[in-house]
Amino acid sequence: MDLSRPSVARMYDYLLGGTDNYYVDREACTELLRLAPSTRELALVNRAFLIRAVRYLAQVQGVRRFLDHGSGLPTTPNVHQVAQDIDPASEVVYIDNDPVVLAHGEMMLAEDPTTTAVLNADMRDTTKIFASRAVRRLLRDDQPVAALFVSVLHCIPDGDDPWGLVRKVAEQLPSGSYLVISQLASDDEGLRDSITGFMQEITNNSWGQVRSISEVNRLFEGLDLLEAPEPVEVSRWLPDSDLAPRQRTEEWIEYGGVARIR
Ligand SMILES: C[S@@+](CC[C@H](N)C(=O)[O-])C[C@H]1O[C@@H](n2cnc3c(N)ncnc32)[C@H](O)[C@@H]1O
């Protein structure tokens with residue numbers, strides 16, 4: 001673990017108002033906020049989207065199993081707490097490759113080993129993930145599973161084919177399963193390049209990229225979108241009320257939606 005470099009998990013934790021972050025992470029966020037002042041707002045509306053999407057899938061679609069790719073540091077509430085508010089038997093497998101996430105996650109997320117598990121894996125390693133005991137258990141009797149890729153696919157470079165990754169995961173889930181996707185996006189090419197360059201620099205080239213709206217739309221090809229006819233800036237996806245916080249600027253956004261796999 002290299003604590004002299006910022007990590008995306010700890011930077012996100014800082015933007016959400018968490019305390020599991022270090023000076024390097026906060027410094028990196030200050031620079032990121034200089035490049036794109038709406039970044040904190042964007043992180044908050046993204047987390048709120050994740051919570052709404054999980055609650056909607058549990059409450060309206062009856063989903064009881066969740067596979068959370070790039071789950072991040074524990075926060076309030078976590079995916080299992082949202083799902084278990086609807087049904088205490090709901091099951092969640094968390095996947096992340098950041099050692100700090102795993103250290104905190106094992107303590108705080110695996111509250112009940114029969115319903116939650118934390119897997120140390122790179123989400124690109126689908127062979128390892130689908131061979132793991134936790135995921136085989138999640139898939140044991142063909143119940144629908146919701147696979148979450150919330151604010152994580154921008155960590156995967158084009159060369160590692162995030163579109164193919166999403167397809168590969170969708171193909172391994174029982175039919176009638178769901179995907180929840182959001183991705184950092186902008187149609188401002190200059191902003192895309194400057195933020196991607198900055199994130200590459202601070203993560204020693206282990207980041208992906210900010211994508212254009214049309215590149216993110218391709219993630220949803222062949223899927224049936226729910227509650228919105230097309231992907232949207234995530235604060236516009238099924239808002240709790242007209243007064244719910246909205247992303248006010250469009251310099252860059254978390255863009256995505258919820259879809260059913262055919
Ligand atoms: C911005 S946070 C998103 C957290 C959470 N999904 C959310 O939206 O609230 C991105 C997370 O993805 C994780 N991550 C990045 N690349 C990953 C990879 N290749 N495999 C697994 N996790 C990854 C990071 O460690 C971090 O915890």
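Refer to the structure presented above.
In short, a report on the structure. Nothing here was measured: the structure is a model prediction, and the numbers come from that model. (Residues numbered from 1 in each chain as written. Predicted model: local features only at pLDDT ≥ 70, side-chain atom pairs only at ≥ 80, totals over all residues. Heavy atoms only, no water.)

## Some thoughts on the packing of helix H2 (residues 23-35) against helix H9 (residues 189-202)
Now for step 1: The N-to-C vectors of H2 and H9 enclose an angle of 170°; their axes lie 11 Å apart at closest approach. The pairing of H2 with H9 is recorded here as roughly antiparallel in orientation. For the pair formed by H2 and H9, the contact residues are Ala28, Glu31, Leu32 and Leu35 on the first element and Leu191, Ser194, Ile195, Phe198, Met199 and Ile202 on the second. (Axes fitted to C-alpha atoms, helices over the stretch in contact; angles between N-to-C directions. Helix = DSSP H or I, 4+ residues; strand = E, 2+ residues; numbered from the N terminus. Parallel < 35°, antiparallel > 145°, perpendicular 65-115°, else oblique. Contact = heavy atoms within 4.5 Å.)

## Considerations on a nonpolar patch on the surface
Now for step 1: A surface patch of nonpolar side chains, amounting to about 330 Å² of accessible area, comprises Met1, Leu3 and Tyr22.
Now for step 2: Its place among the elements puts Leu3 in the segment before helix H1 (8-15). (Patch = residues over 30% accessible without salt bridge, like charges linked within 9 Å, V, L, I, M, F, W, Y side chains within 5 Å. Areas by Shrake-Rupley, 256 points an atom, 1.4 Å probe, with all protein chains shown as cover. Salt bridge = Lys/Arg side-chain N within 4 Å of Asp/Glu carboxyl O.)

## Some remarks on a negative patch on the surface
Now for step 1: On the surface, a cluster of negative charge is made up of Asp187, Asp188, Glu189 and Asp193.
Now for step 2: Relative to the assigned elements, Glu189 resides in helix H9.
Now for step 3: Judged by relative accessible area, Glu189 falls into the exposed class, the value being 52%. (Lys, Arg positive; Asp, Glu negative; His and termini not counted. Charge placed at Lys NZ, Arg CZ, Asp CG, Glu CD. Buried < 20%, exposed > 50% of the residue type's maximum accessible area, 1.4 Å probe, protein only.)

## Some points on the packing of helix H3 (residues 39-59) against helix H4 (residues 79-86)
Now for step 1: Their axes nearest at 9 Å, the elements H3 and H4 cross at an angle of 30°. If you check the angle between H3 and H4, you find them roughly parallel. Handedness of the H3/H4 crossing: right-handed. Between H3 and H4, the residues in contact are Arg47, Leu50, Ile51, Val54, Arg55, Ala58 and Gln59 and Val79, Val82, Ala83 and Ile86, respectively.
Now for step 2: Here the contact of H3 with H4 is composed, by residue class, of eight nonpolar, one polar and two charged. (Left-handed = near helix turned anticlockwise from the far one by under 90°. Nonpolar A, V, L, I, M, F, W, Y, C, P; charged D, E, K, R; others polar.)

## Side note on the site of the ligand
Now for step 1: Neighbouring the ligand are 22 residues; Tyr12, Arg47, Gly70, Asp96 and Met123 lie closest to it.
Now for step 2: Take Gly72: an N or O atom from its main chain is 3.4 Å from an oxygen atom of the ligand.
Now for step 3: Take Asp122: an N or O atom from its side chain is 3.0 Å from a nitrogen atom of the ligand.
Now for step 4: Protein contacts shield 96% of the accessible area of the ligand, which totals 600 Å² for the unbound molecule.
Now for step 5: Those elements that place two or more of their residues in the shell around the ligand are H1 and H3.
Now for step 6: Taken together, the residues that form the shell around the ligand break down as 11 nonpolar, six polar and five charged. (Near = heavy atom within 4 Å. Polar contact = N/O pair within 3.5 Å; in protein donor to acceptor, adjacent residues only side chain to side chain.)

## Notes on the pattern of salt bridges
Now for step 1: This structure, assessed with the given rule, holds 11 salt bridges.
Now for step 2: Across the pair Asp122 and Arg124 runs a salt bridge, and its minimum N-O distance is 2.8 Å.
Now for step 3: Asp224 is paired through a salt bridge with Arg262; the nearest N and O atoms lie 3.0 Å apart. Taken together, the positions of Asp224 in strand E6 (residues 224-226) and Arg262 in the segment after strand E8 (253-260) put the pair 38 residues apart, joining distant regions of the chain.
Now for step 4: Put simply, Asp122, Arg124 and Asp160 are held in one network by salt bridges that share partners.

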